[in-house]
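# Descriptive structure summary
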2 protein chains.
Amino acid sequence: MWYVTEEDLIPAAIGAAILGTGGGGNPYLGRLRARAELRAGKKIKIIDPTEIADDDLLVAAGGMGSPVVAFEKVAGGNEETDAVRALERHLGRRFTAIAPFEMGGGNSMVPLVVGARLGIPIVDGDGMGRAFPELQMITYLIYGGSPFPAALADERGNRIVVDRIVDAHWLERIMRSVTIDMGGHAGLANAVMDGAFCRKAIIPNTLSLAIRMGKAVLAARRLHEDPGEAVVSQAGGRRYIRGKVVDVERRATRGFAKGHLVIEGVEDDTGRRVEIDFQNENLVIREGDEVPVTVPDLITLITSDEGEPITTELIRYGLRADVLVIPCPDLLKTPEALEVVGPRAFGYDIDYRPLVA
Amino acid sequence: MWYVTEEDLIPAAIGAAILGTGGGGNPYLGRLRARAELRAGKKIKIIDPTEIADDDLLVAAGGMGSPVVAFEKVAGGNEETDAVRALERHLGRRFTAIAPFEMGGGNSMVPLVVGARLGIPIVDGDGMGRAFPELQMITYLIYGGSPFPAALADERGNRIVVDRIVDAHWLERIMRSVTIDMGGHAGLANAVMDGAFCRKAIIPNTLSLAIRMGKAVLAARRLHEDPGEAVVSQAGGRRYIRGKVVDVERRATRGFAKGHLVIEGVEDDTGRRVEIDFQNENLVIREGDEVPVTVPDLITLITSDEGEPITTELIRYGLRADVLVIPCPDLLKTPEALEVVGPRAFGYDIDYRPLVA
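Conventions used here
Residues numbered from 1 in each chain as written. Chains lettered and ligands numbered in written order. Predicted model: local features only at pLDDT ≥ 70, side-chain atom pairs only at ≥ 80, totals over all residues. Heavy atoms only, no water. Helix = DSSP H or I, 4+ residues; strand = E, 2+ residues; numbered from the N terminus. Buried < 20%, exposed > 50% of the residue type's maximum accessible area, 1.4 Å probe, protein only. Pairing = 2+ DSSP bridges. Axes fitted to C-alpha atoms, helices over the stretch in contact; angles between N-to-C directions. Contact = heavy atoms within 4.5 Å. Phe/Tyr/Trp six-rings, centres within 6.5 Å; stacked < 30°, edge-to-face > 60°. Lys NZ or Arg CZ within 6 Å of the ring centre and 35° of its normal. Core = buried A, V, L, I, M, F, W, Y, C linked by side-chain atoms within 4.5 Å. Least-squares fit on C-alpha atoms with pLDDT ≥ 70 in both. Expected span 1.5 Å × (residues − 1). Disulfide = S-S within 2.5 Å. Parallel < 35°, antiparallel > 145°, perpendicular 65-115°, else oblique. Left-handed = near helix turned anticlockwise from the far one by under 90°. Nonpolar A, V, L, I, M, F, W, Y, C, P; charged D, E, K, R; others polar. Polar contact = N/O pair within 3.5 Å; in protein donor to acceptor, adjacent residues only side chain to side chain. Salt bridge = Lys/Arg side-chain N within 4 Å of Asp/Glu carboxyl O. Buried area = accessible area lost by both parts, 1.4 Å probe.

A separate point is unusual backbone geometry. Residue and element names in this part refer to chain B. Between Phe-148 and Pro-149 the backbone carries a cis peptide bond, its omega angle lying at -5°. Mapped onto the elements of the fold, Pro-149 is located in the loop between α6 (139–142) and β7 (150–153). With an omega dihedral of 5°, the bond running from Val-295 to Pro-296 counts as a cis peptide bond. Of note, Pro-296 is situated in the loop between β15 (290–294) and β16 (298–303). Phi angles above zero are rare outside glycine, and Asn-205 is one such case at about 60°. Judged by its relative accessible area of 29%, Asn-205 is partly exposed.

Here the focus is the sheet that holds strand β17 (residues 320–326) of chain B. One key point about sheets: their strands pair by backbone hydrogen bonds, in either a parallel or an antiparallel sense. Residues and elements named next belong to chain B. Strand order in the open sheet formed by seven strands is β15-β14-β13-β12-β11-β17-β16, and the pairing between neighbours is antiparallel. In this open sheet, the two edge strands, each paired with only one partner strand, are β15 and β16. Taking the axes of each pair of neighbouring strands and ignoring which way they run, one obtains an average angle of 35° across the sheet. Here strand β13 (residues 273–279) pairs with strand β14 (residues 281–287) via five bridges, running antiparallel. From the neighbouring strand, Ile-276 faces β14, where its bridge partner is Ile-285. Helix α10 (residues 227–235) rests against β11 (238–253), β16 and β17 of the sheet, and its axis sits at about 15° to β17.

All told, the structure shown has two aromatic pairs over all chains when counted by the stated rule. Arg173(A) extends its terminal NZ or CZ atom over the ring of Trp170(A), reaching a point 4.5 Å from the ring centre. Over the face of the ring belonging to Tyr240(B) we find Arg272(B), whose NZ or CZ atom lies 5.0 Å from the ring centre.

Time to look at the sheet that holds strand β11 (residues 238–253) of chain A. Residues and elements named next belong to chain A. The strand order β15-β14-β13-β12-β11-β17-β16 describes an open sheet built from seven strands, whose pairing is antiparallel. What marks the edges here is a single partner per strand, and that holds for β15 (290–294) and β16 (298–303). Pairwise comparison of adjacent strand axes, ignoring direction, gives a mean angle of 35° for this sheet. In the sheet, β11 pairs with strand β12 (residues 256–265) via ten bridges, with the strands oriented antiparallel.

With 194 residues, the main nonpolar core has Tyr140(A) and Tyr140(B) as its most contacted residues. Apart from the residues lying within four places of it in its own chain, the contact partners of Tyr140(B) are Ala60(B), Ala99(B), Pro100(B), Asp126(B), Gly127(B), Gly145(B), Ala191(B), Met193(B), Phe197(B), Cys198(B), Ala201(B) and Ile202(B).

Residue and element names in this part refer to chain B. Relative to the helices and strands, Arg-31 resides in helix α2 (residues 27–39). Overall, the relative accessible area of 15% leaves Arg-31 in the buried class. Along the chain, Arg-31 and Ile-14 lie 17 residues apart, while their C-alpha atoms are 9.9 Å from each other. If we ignore the near neighbours within four places in the chain, the residues touching Arg-31 are Leu-9, Ile-10, Ala-13 and Met-109.

Overlaying chain B with chain A gives an RMSD of 0.0 Å, the required rotation being 180° about an axis along which the chain moves by 0.0 Å. This pairing of chains is accounted for by a two-fold axis. Within chain B, the C-alpha atom positioned nearest to the axis of rotation is that of Val161(B), 2.4 Å from it.

Okay, helix α1 (residues 6–19) of chain B next. Residues and elements named next belong to chain B. Taking 1.5 Å per residue as the helical rise, α1 with its 14 residues ought to reach 20 Å, and the 20 Å between its terminal C-alpha atoms agrees with that figure. Extensive coverage of α1 is indicated by the burial of eleven of its 14 residues. Burial in α1 covers these residues: Asp-8, Leu-9, Pro-11, Ala-12, Ala-13, Ile-14, Gly-15, Ala-16, Ala-17, Ile-18 and Leu-19. Of the residues one or two after α1, Thr-21 is the one with positive phi, at around 50°.

What follows deals with the state of the cysteines. This model, assessed by the stated rule, comprises zero disulfides over all chains. A disulfide-free cysteine, Cys198(A) has its sulfur positioned 19 Å from the sulfur of Cys328(A), the nearest such atom.

Two measures define how a pair of helices packs: the angle their axes make with one another and the distance between the axes. Residues and elements named next belong to chain A. At a minimum axis distance of 8 Å, the contact between helix α2 (residues 27–39) and helix α5 (residues 106–118) shows a crossing angle of 20°. With respect to α5, the axis of α2 lies roughly parallel. Crossing hand, α2 versus α5: left-handed. Taking contact as the criterion, the partners of Pro-27, Gly-30, Arg-31, Arg-33, Ala-34 and Glu-37 in α2 are, on α5, Gly-106, Met-109, Val-110, Val-113, Ala-116 and Arg-117. Split into classes, the residues belonging to the contact of α2 with α5 amount to six nonpolar, two polar and four charged.

By the element assignment, Arg164(A) lies in strand β8 (residues 159–164). By relative accessible area, which is 29% here, Arg164(A) ends up partly exposed. Each C-alpha atom, one on Arg164(A) and one on Pro149(A), is 6.2 Å from the other, the two residues being 15 residues apart in sequence. With residues near it in sequence (within four places) discarded, Arg164(A) still touches Phe148(A), Arg156(B), Gly157(B), Asn158(B) and Arg159(B). In terms of polar contacts, Arg164(A) uses its side chain to reach the backbone carbonyl oxygen of Gly157(B), at 2.8 Å.

Let us look at the pattern of salt bridges. It is possible for side chains of opposite charge to pair when their charged atoms get near one another. Under the counting rule described, the total for this entry stands at 56 salt bridges over all chains. With its nearest N and O atoms 2.7 Å apart, the salt bridge here joins Asp163(B) to Arg159(A). With one member in each of two chains, Asp163(B) in strand β8 (residues 159–164) and Arg159(A) in strand β8 form a pair that bridges those chains. Judged by its relative accessible area of 8%, Asp163(B) falls in the buried class. Residue Arg159(A) is classed as buried on the basis of its relative accessible area, which comes to 15%. Of the charged contacts, one joins Arg221(B) and Glu308(B) as a salt bridge, the two residues approaching to 2.5 Å between their closest N and O atoms.

Glancing now at the interface of chain B and chain A. On the chain A side, the residues contacting the 22 residues of chain B number 22 residues. Across the chain B to chain A interface the summed buried area is about 2,100 Å²; carbon plus sulfur atoms make up 50%. Contact with chain A buries surface across chain B, with Asp163(B), Arg164(B) and Asp181(B) losing the most and accounting together for 27% of the total. For the pair chain B and chain A, the interface holds six salt bridges. Note that Asp163(B) and Arg89(A) form a salt bridge whose closest N and O atoms lie 3.1 Å from each other. In this structure, the connection of chain B to chain A is made through 16 residue pairs in polar contact (both at pLDDT 80 or more). Among the elements of the structure, α4 (79–91), β8 and α7 (168–181) of chain B are those that each provide at least two residues to the side of chain B that touches chain A. Looking at the side of chain B that touches chain A residue by residue, the classes come out as ten nonpolar, four polar and eight charged. Relative to β8(B), β8(A) is paired through five bridges, and the arrangement is antiparallel.

In short, shape yes, function no, at least from these values alone.
If you want it as structure tokens, here you go:
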């Protein structure tokens, strides 16, 4: 058990944005919201997955919607907490801890805000070990957690509870429509689970990993060292290419930011050209006829000089970037998980081959 | 207090389809469902609005979606009851009676089915006195009832509860999206209200009116009398034109059947040509440069020979039809009501002028 301090927030936001692989929304606003809670005297208490009690009642909480919208439409600040409270009223029970959805961008910070507001701890871990674009892509649901009840809330005070849903794909479909109606961004609470299940299904220690990664990046900046090296020293993996963004095509569709970008190598990588597809998150790297890296392994861009993570909505022509590739957690590599988060789940007719780091 | 018998169902379906002004879905399937309940030994108990107790807890229940879809996608049969039960669980209270949404087509029969299944009475009356295409267009909401909680359920077992909503227009917007996701038709329960309020806001005795109208039509058929005359003898109003459908244009859009039809007069009306716009329901009559009849007054088509009501989805070229116009109930003529169900609410830049029958 430990408490997040204001000093942890910038590193956490940097690390979470790197794990966010381009998605999960920009962590900047989320970080300010977490800081506001701390400055208001609230505590952000973190527990290790091993500290979860069997009869704890946990829920995942975060933002749903296109990160492009989340960045432009500032969150009201209450929607995720409202969603959690709506579920508590619906169930007639109180949650004892928050289990984060995803360790990516804004959604890495939101659980801290919700936990602080409700006065309950947040588990150091998450349901993705990264960010993913769709609701069913969380280990809590992949490993048998119930897709209902779930709640969605917006900043106007609209609140929807899913009382029952056939499966996680239906949950995604309906929640996505309602999110679009709500203006493209909403607060979500789902994956209600007991402690015994959560301990098995959560990807552990991703918040502390994010903070360590962020601190390593900040140290590299201070010492004029290579920030990409600093990241992979904490997370594993390697730099795939150093280059320059020469093309980016992005469209907002059905609540997603879909598109692709092209990077041309510089320095040692001069002459190479790689293409990266994204759907909120970076999905695959193509180089020539090869697809050497795919989801669920992590493909993340940082600026070459400062190691600043580059989220999908901020990619622009001319940006100097290192593309880092990081092996995903083992819980995402099982056949059950690959069915939901492997390349075929995103429409690619290729098998997942684990990244060799 | 009285009980609906199997002999009432065909007249009720005919009368409700006439009041449905083209919308509310085809009553055929709803009638079969109500009959199945009676044949299974269930009771359909009707109470007069004056018999509602102050502390009764009522809810409106019906189908939501495009009538075109409702006709093609046969209702599973449980969705409206599931929606009501979901609201009961959400509230932690039992409803004591059902207040129908609309006296139009399928939705006139659904409350009978739900009441029979739950073993509670149905009020003889409804929230529209006819059919309307959108959720906010019910007197229960127009006169200050709360738009939340509300529930939507489909035949697969998906159930959504609206825990809180800003206003009835937001309810319509979100429920419409979810209905479309659910395949274009879903069971809806909303307008939770106490008896004291319901007595004031309900349009009274529309079920018994529908049954009387249907019986009058059936009698006219037997006696080879004019069915249009039989209808207006019960409901008021008059025949606007007798003619032939010479054009119909219809499209399914955002869960609605929108379009218009053209009727050319025959017999005494030879030489006249009228156009009727519809959005699920018939909205306005145009003749030359005039718009002589508009919502909320009733514009309804019946076959000239048999007095069979013609719902929007069944209009076809060549059909011989009487267009009947019937003054709407007084509760739809107030300024509050006209703001929601008057011609301007449907995008027409004209004021409502009450039909002179």
